[in-house]
Amino acid sequence: MLQNLHLTVAVENSASKSNSHLLAQHGLSILMSLDLGGGEGMKLLWDTGASSEVMLHNAAALNIDLDAIDLICLSHGHYDHTGGLMGVLAQRKSRGRERLGVLCHPDVFAAKLKARPGLKFIGLPFTETQVEAEGGIWMQCRGPVPIAPGLTTTGEIPRREAFEAVEGFWTIREDRYCPDSIPDDQALAADIPGKGLVVITGCAHSGIINTIKHALEITGAEKLHAVIGGFHLMGADDCRIEATVQALKKFHPAAVCPGHCTGEKAVSRLREAFGDRCKPMAVGDQTQF
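Residues numbered from 1 in each chain as written. Predicted model: local features only at pLDDT ≥ 70, side-chain atom pairs only at ≥ 80, totals over all residues. Heavy atoms only, no water.

**Looking at the pairing of strand S3 (residues 40–46)**
Across seven bridges, strand S2 (residues 29–37) lies against S3 in antiparallel orientation. Each residue of the ladder has a partner; that of Ile 30, found in S3, is Trp 46. In textbook terms, the turn of a hairpin is the stretch between consecutive antiparallel strands, and for S2 and S3 this stretch comprises two residues, one of which, Gly 38, has a positive phi near 60 degrees. A crossover connection joins S3 to the parallel strand S4 (residues 71–73) through helix H1 (residues 52–61); in handedness this β-α-β unit is right-handed. (Pairing = 2+ DSSP bridges. Helix = DSSP H or I, 4+ residues; strand = E, 2+ residues; numbered from the N terminus. Right-handed = clockwise from strand over helix to strand, strands pointing away.)

The following block contains the structure:
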């Protein structure tokens, strides 16, 4: 059973003044340390930021031992969540460490594009074989994957809330240019005894409310304790932000920790709605459940 969960933010868009030695970058990476009881534990790296340079710098500054990682899990296939993967694997390989599993949805390898202001590739900045050559072992699954007692990936997330539509992303499928609904978007759900469910997102392209509801459904948890990560409300209009806030209020979370792609306007509204329970993320933040 999951006894304790410790999170360290290794890459994030912002850094607090008290952590001036850390580098901020548009991206996300969180080290998760699990206490499973009976002396058993596990270390999981959730995403790897946008670049190896920043990922490795911050890991060293935060005394994160990348050699001790048991698993890397990718939230989706955009560069700002995967760009540091090669650096992590290359460092481990240079030190003679064993090959490492990289858990993801199969569609992380799809062509990922945005069209504003012009067409640009925003997908994985490496190939499947390059990762394998550096010691990565791809583990692809569309559905939920139990990682440890009390911790699971959500797998694909059903899109049920009308106000949480995915817009602005494109792909090439069967030789045709078409909208990308980002089916590879997934989150982590950690069931903390006596607390409830902690949901850790990457970008929540599926919608943060859709993500929370799916996490509660697949785990059978009765209560949301906290939600942490990107809420993808950057650029959202006031109507969507307000609908998100009102829906989130109904879960009565003890902690709301928005970051990365949430956007300043949405973070400001979340702070207004949740007061001290809203704690925006920054590089170097450490949280324990």
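**Concerning the environment of His 57**
Checked against the element boundaries, His 57 lands in helix H1. Taking the C-alpha atoms as reference points, His 57 and Val 11, 46 residues apart in sequence, are found 9.8 Å from one another. Excluding its chain neighbours within four sequence positions, the residues that come into contact with His 57 are His 21, Leu 22 and Leu 23. (Contact = heavy atoms within 4.5 Å.)

**A word on the side chain of Thr 171**
Looking at where Thr 171 falls in the secondary structure, it is placed in strand S11 (residues 169–173). Thr 171 gets classed as buried once you look at its relative accessible area, which sits at 3%. Engagement of the side chain of Thr 171 in a polar contact is seen with the backbone oxygen of Ala 111, the distance being 2.4 Å. Each residue touching Thr 171, except ones within four places of it in the same chain, is listed here: Ala 110, Ala 111, Leu 113, Arg 176, Tyr 177, Cys 178, Pro 179 and Asp 180. (Buried < 20%, exposed > 50% of the residue type's maximum accessible area, 1.4 Å probe, protein only. Polar contact = N/O pair within 3.5 Å; in protein donor to acceptor, adjacent residues only side chain to side chain.)

**Some thoughts on the sheet that holds S3**
Here seven strands make up an open sheet; going across it, the order is S8-S5-S4-S3-S2-S1-S17 and the pairing mixed. Where the open sheet ends on each side, the last strands, each with one partner, are strand S8 (136–140) and strand S17 (286–288). When the angles between neighbouring strand axes are averaged without regard to direction, this sheet yields 25 degrees. As judged from the three bridges shared by S3 and S4, these two strands associate in the parallel manner. Counted as the bridge partner of Leu 44 is Leu 71 from S4. On top of the sheet, H1 reaches strand S1 (4–11), S2 and S3; it is set at about 130 degrees to S1, its chief contact. The strands touched by helix H3 (residues 85–94) are S3, S4, strand S5 (100–104) and S8; relative to S5, the strand with the most contacts, the crossing angle is about 165 degrees. (Axes fitted to C-alpha atoms, helices over the stretch in contact; angles between N-to-C directions.)

**Focus on the pairing of strand S15 (residues 224–230)**
Extensive coverage of S15 is indicated by the burial of seven of its seven residues. The pairing of strand S14 (residues 196–200) with S15 spans four bridges and is parallel. Its bridge partner being in S15, Val 198 is matched across the sheet by Ala 226. One ladder, built from five bridges, connects S15 with strand S16 (residues 255–259); its direction is parallel.

**Section: the pattern of salt bridges**
Across all of its chains, the model carries twelve salt bridges by this definition. The shortest N-O distance in the salt bridge between Glu 98 and Arg 97 comes to 3.6 Å. When its relative accessible area of 44% is taken as the criterion, Glu 98 is described as partly exposed. (Salt bridge = Lys/Arg side-chain N within 4 Å of Asp/Glu carboxyl O.)

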